[in-house]
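# Examination of the molecular architecture
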Amino acid sequence: MPAITVPDLLVLPRVPEPDPAAVAERPVLSVTTAPSGFEGEGFPVRRAFAGVDLARLDPFIHMDQMGEVDYAPGEPKGTAWHPHRGFETVTYIIDGTFRHQDSNGGGGVITNGDTQWMTAGGGILHIEEPPEELVVSGGLFHGFQLWVNLPARLKMTNPRYQDIRAGEVGLPITVVHATVSPSALVRLPWRPSFNALGYVLAGNGTVGAQRRPVRTGQLVVFGPGGSITLGADPRQQGPGQDFDILLLGGEPIREPVAAYGPFVMNTRDELVKAFEDYQAGRLGTIPAQPRPIPEEPHPGHDVL
């Protein structure tokens, strides 16, 4: 399903098409194919960023496409309790339902078109699983989880959640879910200071001025410039009729990255400390024992 729908498309602000004579188009630097694997208790994922240099992903670290899978009754699976420190997760559910719980007593349910932004910051334990009714009934499940790095000064910030319901999202710009009809061509302005990535969720099409072919499960890394071009092939392969692509952009942090498992820090010593804190129970306890969290601004990232 499309990321955002409104009854009248004409009420949305128009995105001006960049002038090719005045705005440099971003070239395609690479196209890679995401390997498939399993996460948690065994739900299928594609590792979207596998094999790509972290410097080209900055400020992003990791992304999993979850599904698309049509579960039979009793098949839906989730994750066990696990820790995070030093980054943020953006979970976007296209179809299906996921439930979150954490070691601070927080969490919630996200479903079709919903997005949840979790700041792990200094550390949290959490679990992600399908609700009992979905396990019983089975059904379609599809979404993604993106890991967004935090700068060194915010890595130990207090954990928090932001739930962004489907009806509350106007125009997602930093993360754009674009659904392109067959044969259509789209040119979008893109902030020159941001990086630019494109991940194909479904279908087949082309990217860049050179019309580089791409298909489901492939990641595009764009070079510098002020616009992005993408198009859908006349005939789409697979069950859908459209070309679905995620466009990701953010301001690079340009700091050293030391990442291992569920922790993303700046140095090896900070990674060792994260594991020690986790093993000592300093990232939280199960069952949850809520801690008062002082108010402070959300550390998020610049948007277009």
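Presented here is a report on the structure given in the accompanying data block. What you see is a predicted model; the values in this text were computed from it and never measured. Per chain, the residues get numbers from 1 upward, laid out in the order the sequence is written. It should be noted that, the model being predicted, local features are given only for residues of pLDDT at least 70 and side-chain atom pairs only at 80 or more, the latter also being counted only at that level, while totals for whole chains, interfaces and linings use all residues. For the side-chain quantities, the full set of heavy atoms in the structure was used; hydrogens and water were omitted.

A cis amide bond links D58 to the next residue, P59, at an omega of 20°. Along the chain, P59 falls in the loop between α1 (54-57) and β4 (60-71). Its identity as a non-glycine residue notwithstanding, S183 has a phi of 75°, on the positive side. What counts as a helix is a DSSP run of H or I of at least four residues, what counts as a strand is a run of E of at least two, and both are numbered from the N terminus. With respect to the element layout, S183 can be found in the loop between β13 (175-180) and β14 (185-189). One non-glycine residue with positive phi stands out, namely R211, at about 55°.

Centre distance within 6.5 Å is the pairing criterion for rings of Phe, Tyr and Trp, where only the six-membered ring of Trp is used; planes under 30 degrees apart are then read as stacked, over 60 as edge-to-face, and the remainder as tilted. Taken as a whole and assessed by the stated rule, the structure comprises 5 aromatic pairs. Relative to F141, the ring of F98 lies with its centre 5.0 Å away and its plane at 45°, an arrangement referred to as tilted. Taken together, the residues span a long stretch of sequence, with F98 in strand β7 (residues 98-102) and F141 in strand β11 (residues 139-149) at a distance of 43 residues. Note on accessibility: F98 and F141 belong to one class, buried. Here the aromatic residues Y260, F263 and F275 are joined through ring pairs into a cluster of three or more. Burial here depends on accessible area, computed with a 1.4 Å probe over protein chains only, as a share of the maximum for the residue type. Under 20% is buried, over 50% is exposed, and the range in between is partly exposed.

Time to look at the pattern of salt bridges. Salt bridges are defined as contacts in which a side-chain nitrogen from Lys or Arg sits within 4 Å of a carboxyl oxygen from Asp or Glu. Across all of its chains, the model carries 6 salt bridges by this definition. For E129, the salt bridge goes to R99, with nearest N and O atoms at 3.1 Å. Placement of the pair is E129 in strand β10 (residues 124-129) and R99 in strand β7, with a sequence separation of 30 residues. Residue classification places E129 among the partly exposed positions, given a relative accessible area of 21%. Across the salt bridge formed by D277 and R282, the nearest N and O atoms sit 2.8 Å from each other. Three or more residues are tied together by salt bridges with common partners; here these are R85, K273, D277 and R282.

Attention shifts here to the environment of P59. You can call P59 buried: its relative accessible area is 2%. Spatially, the C-alpha atom of P59 lies 8.2 Å from that of N195, the residues being 136 residues apart in sequence. A contact between two residues is defined here by any heavy atoms of the two lying within 4.5 Å. When neighbours within four sequence positions are excluded, P59 is seen to be in contact with W147, V148, N149, N195, G250, E251, P252 and I253.

Glancing now at the pairing of strand β16 (residues 204-207). Going residue by residue along β16, you find N204 and T206 tucked away on one face and G205 and V207 tucked away on the opposite face as well. Relative to strand β17 (residues 212-215), β16 runs antiparallel, the two being bridged by 4 bridges. Paired with V207 across the strands is R212, a residue of β17. Linkage of β16 to β17, two consecutive antiparallel strands, is achieved through a turn of 4 residues, within which G208 is found at a positive phi near 80°. Should DSSP find at least two bridges between two strands, the strands are taken to pair.

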